[in-house]
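Secondary and tertiary structure notes
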Amino acid sequence: MHPVRVSIPSFRLENHPTEKGFTVFRIDVLVNGRQHAVEKRYSEFHALHKMLKKTIKPPEMPSKHVRNWVPKVVEQRRHGLELYLQSIIMENEVLPKIFLDFLNIRHFPSVPKTESCGSFDTESEESSKLSHQPVLLFLRDPYLLPTAHDAFSNVVIEGVVHGVFYPDLQPR
């Protein structure tokens, strides 16, 4: 399951005195449990489609030339655009940056969740995300046990160790 979900639940008709009327589509975006909405015109979907064709093979888009004033036709376009966005998400394991920008998604993991930290058998998908950084691991304490081939011992560390742990012991 991809961590991004989109739907286009509604649209509205905009009429401006200086330009021809147009339709604005509301896109609800759900990313890792957080939801936000963006509004886009068909022309913005068309521009996205043209840019996506440079990097991936996007699905077909609904027709550009429709009569916007017929509600049934606009509803079909809304449904077609919703399927278009959902198809891009389902067909691409790694989503293109231009697509994420279009949906106003920032800080999206570049590696799919299933590959990021191995797999854990946990009940929720959210709990499988690790939020800490990798830890440096020593098989032995490099400060307390100098290596056998070390020609010079660390006098300062030896002094501190003897002072803390063996205060009654005289130095060598």
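Everything here concerns the structure above.
Attention in this report is confined to the structure presented alongside it. (Residues numbered from 1 in each chain as written. Predicted model: local features only at pLDDT ≥ 70, side-chain atom pairs only at ≥ 80, totals over all residues. Heavy atoms only, no water.)

Considering the overall build of the protein
Condition: Comment: elements are numbered from the N terminus, with helices defined as DSSP H or I runs of at least four residues and strands as E runs of at least two. In this description, contact between two residues means that some pair of their heavy atoms is separated by no more than 4.5 Å. Residue burial considers only the protein chains on display, and all accessible areas are found by Shrake-Rupley using a 1.4 Å probe.
Assigned secondary structure in the protein consists of five helices and three strands. Reading the protein from its N terminus to its C terminus gives the helix and strand order β-β-β-α-α-α-α-α. Across the protein, contacts joining residues at least 24 apart in sequence account for 46% of those joining residues at least 6 apart. Surface exposure of the protein reaches about 13200 Å², of which carbon and sulfur atoms provide 57%.

Regarding the sheet that holds strand 1 (residues 4–14)
Formally: Here, any two strands with at least 2 DSSP bridges between them count as paired. In this analysis an axis means a line fitted to C-alpha atoms, helices contributing only their contacting stretch, and an angle means the value between N-to-C directions, from 0 to 180 degrees.
The three strands lie next to each other as 1-2-3, forming an open sheet whose pairing is antiparallel. Two strands bound the open sheet, and with one partner strand each, they are strand 1 and strand 3 (34–41). Going from strand to strand, the sheet's axes swing by 20 degrees on average, the running direction of each strand aside. In this sheet, strand 3 lies alongside strand 2 (residues 22–31) in antiparallel orientation, the contact comprising eight bridges. For Asp28, the partnering residue across the bridge sits in strand 3 and is Ala37. Across the face of the sheet, helix 1 (residues 42–52) comes into contact with strand 1, strand 2 and strand 3 while running at roughly 100 degrees to strand 3. Contacting strand 1 and strand 2, helix 2 (residues 71–91) runs over the sheet at an angle of about 155 degrees to strand 1.

A closer look at helix 2
Quick note on the threshold: Given a helix with a known number of residues, its expected span is that number minus one, times 1.5 Å. For every residue, the accessible area obtained with a 1.4 Å probe (protein chains only) is divided by the maximum for its type, and the residue is called buried under 20%, exposed over 50%, and partly exposed between those limits.
With 21 residues, helix 2 should cover 30 Å at 1.5 Å per step; its first-to-last C-alpha distance of 30 Å lies within 8% of that length. All of the buried residues along helix 2 are Val74, Arg77, Arg78, Gly80, Leu81, Glu82, Tyr84, Leu85, Ile88 and Ile89.

Quick look at the nonpolar core
Selection criterion: By nonpolar core is meant a set of buried Ala, Val, Leu, Ile, Met, Phe, Trp, Tyr and Cys residues that side-chain atoms within 4.5 Å join together.
The biggest cluster of nonpolar side chains holds 25 residues, and the ones touching the most others in it are Val6, Ile27, Val29, Phe45, Leu85, Phe99 and Leu103. Sorting the residues of this core by element identifies strand 1, strand 2, helix 1, helix 2 and helix 3 (97–102) as the ones contributing at least two each.

Comments concerning the environment of Met51
Along the polypeptide, Met51 turns up in helix 1. Judged by its relative accessible area of 36%, Met51 falls in the partly exposed class. Along the backbone, Met51 and Phe99 are 48 residues apart, and their C-alpha atoms lie at a distance of 9.1 Å.

Geometric descriptors of this kind do not, in isolation, establish any biological role.
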